[in-house]
Structures are given as C-alpha cells and as structure tokens.
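Now for the letters of each chain:
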Amino acid sequence: MYRLGITLFFIILTLSSLRAQDSLRLLDTDSLTYRQYLDGDFRNLIETSRKARQEGISFYYLNYRTAIAYYALKNYAKAADFYKKTLSETPDDPTLKESLYYAYLLSGQKEYAAILARTMAPHTQAIVEYTPSVMDHISLSGGYMTNDNKPDLLSNTGFDSLNQYQDMIFSALDIGFKLSARAKLKLGYQLYSTRFQGTADALLSRDKQLAQHQLMAALEFFTPGNVTWGFAGGYYNIEKNDVGKSNNYSLTAFLNKRFTYTVPEIAVAYSNFGGINQYQAKGSLTYYPLGNLDFYGISSAAVIYNPDSWTTEQYIFSQHFGVKLFGPLWLDANASLGNHLNYISERSFLVYDTYDAIKALAGLSLSWYLKKMTLSTGYQWQQKEGYAFSPTNYTTYKYNNHLINIALSWNF
C-alpha cells in the first residue's frame, strides 16, 4: 500500500511538472509572438508559430497573429486558413470577418468571400463594398481572326481540289446568376462567321460565309468542404460548307477541391460533333505558389476517345501562367499542344469544334482590373491542319491563324 502511494505521488508530481512546462512554453510563445507582432517581425513570427504548433501549442492569439503575419507578407491563402481558425472561436467578430473576406478575395477564393459576406452586418458589408445581387457577372467579348490559308496554297499541294476556311469574326455574351449562397448559373451565347472557299480543278467553285451559333449553360455548387461540382452543356448549330446545317451538343460534369495552394479538378464530357460519339476526360491543377494572385499557373491534360472515327484517340497538353505586372494590370500566357478537334474546355464555354483541326496554339493577354470592371485584350497564334484532295487521294498541310480579341466584364 505504501509503495502504491509513493507511485501515485510521483505520477501526480510528474503530471504537474509537465503541465507547468506546457504553461511556461505557452506563456513564452505568447510573449515572443506578441513582441514579434509589435516589431513587425512577421517572418520570425511565422517560424515561431510553426515550431509551437509542432509541439502541440495552439491558442487564439497565436492563430490571430499568425494570420496577420501571413497577410502582411501577402500570403493570403495561408492567412485565410488561420483567420478561419480564429473566427471559429469568435464567430461574431466583424473585424475578423472583414480580414477573412479580403484574404479569400486576394487568394482567388471569391466564391467563399461572397458566402462569408452574406453573414456580415450591413455596416461591414458597406465597408467591403459588398452588395447582395442576383446577378453575378456580365461579359461581352469579340474579335477577328486572319490566316494564311489562301488559294495560292493549291499549287504547292499537287492536288486539284481544296476546301479552305479563312478569316473569321467572332463574338460572345456570358451572363452569370447567383441562385443561392452556394449555387450559380452561367449562360452564354457565341457567334462565329467564317469565310469558306472551295476550289476544284484550280477554279473557285464555292465562296460563302459559314455561321455557327452556340448556346451554353453551366450549373455550379459550392460545399462547406471547399468542393465545387456541377454540370455544363452546349448546343451548336453549325453551317456546313456544302449544304444545310448540323445540330450538335455536348455535356460535361466537373469536380474540384480547393486546398491552400492548389485546386485539382477532374472533368468528363460527351459530344456528338460531326455525328460521331466522342468521350473526353480531363485533369487539371491550378496552383498559387505565393498564396496570392500575383503569380499562378494551370497545368492540364486531356484525352478524347472517338470509337467510330478514323482517329480513335486525341491527346492535349496545356499550360497557363498569370502574373501581376503592376497596379491593376495582369499578363496571362498560355500554350497547348495536341489534336484539339472538338476539344471541350472551360466547362463547355470554350469548344474547339473547328472545321480544321488545331494542332498547337499559344497566346498572350493583358487584363486591367478596376473595382468591378475588367477589360482584357489578347493575341493568339494557332497552327491548323487542312487538307487537299483528288478523286483518288488526299494530303494534309499546315497553316497559321492569328486572333485578336477584346473582352469587357462587369462583376456584381
């Protein structure tokens, strides 16, 4: 009995000692991070916070100061994580909500910024300039494409017939609606007008404008677990080069999850362009290595399976980078390789259902952001593949497209 009492005494003494050490470490961490916060020593504050969390130390003011430190260093994605932890303990703090709102917005999480803004008091909404609206955005864009696919190419092919798709004018209108705090509907219309020339026996046999009308819709849902999922589709009325029109459609399903610095997404699609069943799978990764929008990238790969076509499989690899130049001006660059014929991208709002296959493309665009308005202009180069033919054979050839476009968007 005596030994048992001694054992219990030492256990209690040990536990008391450990608790005392934990209390001292907590006090030391609190004191050190407070001093680093007052001195504006944010990098060392973050390092102190990291070491404390490795030792199992976490408390309200540590998370708060860590969030402020990340925000001051413009790592808004990480700041949002710690502001969320802090807000969970004081959910009605208007200052914390405002800080988290800006951290969301500046790290590219605008959907969650809007969801948070709906919970703010009216005076806080006024401070962040949030106005509830059924409308999400309106975007109007258009441009012109020229190329070197001209009639004099016929003499270089050695064939007597040639179908050539030449200059094109295009325009688009997108309208977005907020169905609820976690659901959006996006509608779009696009018009393309392409000049077509058909040559037979070195004589011009057809010369006409081919029109293509496209209607698109996408329904998106956002979950509390930072998951986005939804469906999209499009209807395409395509004028043929000989006679009549074809009516086609596409269906897409997508799913992604936002992590602190990355957004992986998968999408599957079906279409019947050209009267052929086509199935597509695409994976992409969006990443924000700095934790903000000053620099970001999107890498993606897709495969298209055409079981009833002479080309059964197509592969596309794409890369996109965006960087803030200065002030409200951003530069975006993109490149893509592979057979893009009937490739479905941007959740059915960009479809390469072109008359000739695009084999490669690259482009640059400048965007100017001013409060709720965005003005963009860009250039894109495309390498396309056409073909010449005779009664017994055919051959392919390459030509270049050059696109200039401009877009104006208004976000509500």
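Check the entry above for the structure.
Within each chain, residues carry numbers counting from 1 in the order of the written sequence. The model is predicted, so local features are restricted to residues of pLDDT at least 70 and side-chain atom pairs to those at 80 or more, both for listing and for counting; the totals for chains, interfaces and linings are taken over all residues. Just so you know, side-chain values use all the structure's heavy atoms and leave hydrogens and water out.

Draft legend 1. Just the pairing of strand β4 (residues 203-222), in detail. A pair of strands is treated as paired once DSSP finds two or more bridges between them. By definition, any uninterrupted DSSP run of H or I lasting at least four residues is a helix, any uninterrupted run of E lasting at least two residues is a strand, and each is numbered from the N terminus. Here strand β3 (residues 183-200) pairs with β4 via 18 bridges, running antiparallel. Residue pairing across strands places S193 opposite A211, the latter belonging to β4. Two successive antiparallel strands, β3 and β4, enclose a turn made up of two residues, where D201 displays a positive phi of approximately 55°. In this sheet, strand β5 (residues 227-239) lies alongside β4 in antiparallel orientation, the contact comprising 11 bridges. Paired with L219 across the strands is F231, a residue of β5. Hairpin connection from β4 to β5: four residues lie between these consecutive antiparallel strands, with N226 at a positive phi of about 60°.

Draft legend 2. Just the packing of aromatic side chains, in detail. Stacked, edge-to-face and tilted are the three classes for Phe, Tyr and Trp ring pairs, Trp counted by its six-membered ring, which pair at centre distances within 6.5 Å; planes under 30 degrees apart are stacked, over 60 edge-to-face, the rest tilted. Going through the model one piece at a time under the given rule, you end up with 22 aromatic pairs. With centroids separated by 5.9 Å and ring planes inclined at 90°, the aromatic side chains of Y60 and Y64 adopt a geometry described as edge-to-face. Here Y64 and Y60 lie together in helix α3 (residues 60-72), a separation of four residues that amounts to about one turn. No difference in accessibility class separates Y60 from Y64, as the two residues are buried. Linked through ring pairs, Y60, Y61, Y64, Y71, Y76 and Y83 together constitute an aromatic cluster. A cation over an aromatic ring shows up here: K85 above the ring of F82, its NZ or CZ 4.7 Å from the ring centre. A cation over a ring is seen here: K186 above F349, with NZ or CZ 4.2 Å from the ring centre. Here the term buried applies to any residue with accessible area under 20% of the maximum for its type, exposed to any over 50%, and partly exposed to those in between, with areas from a 1.4 Å probe on protein chains only. Over a ring means this: the NZ of a Lys or the CZ of an Arg is within 6 Å of the ring centre and within 35 degrees of the ring normal.

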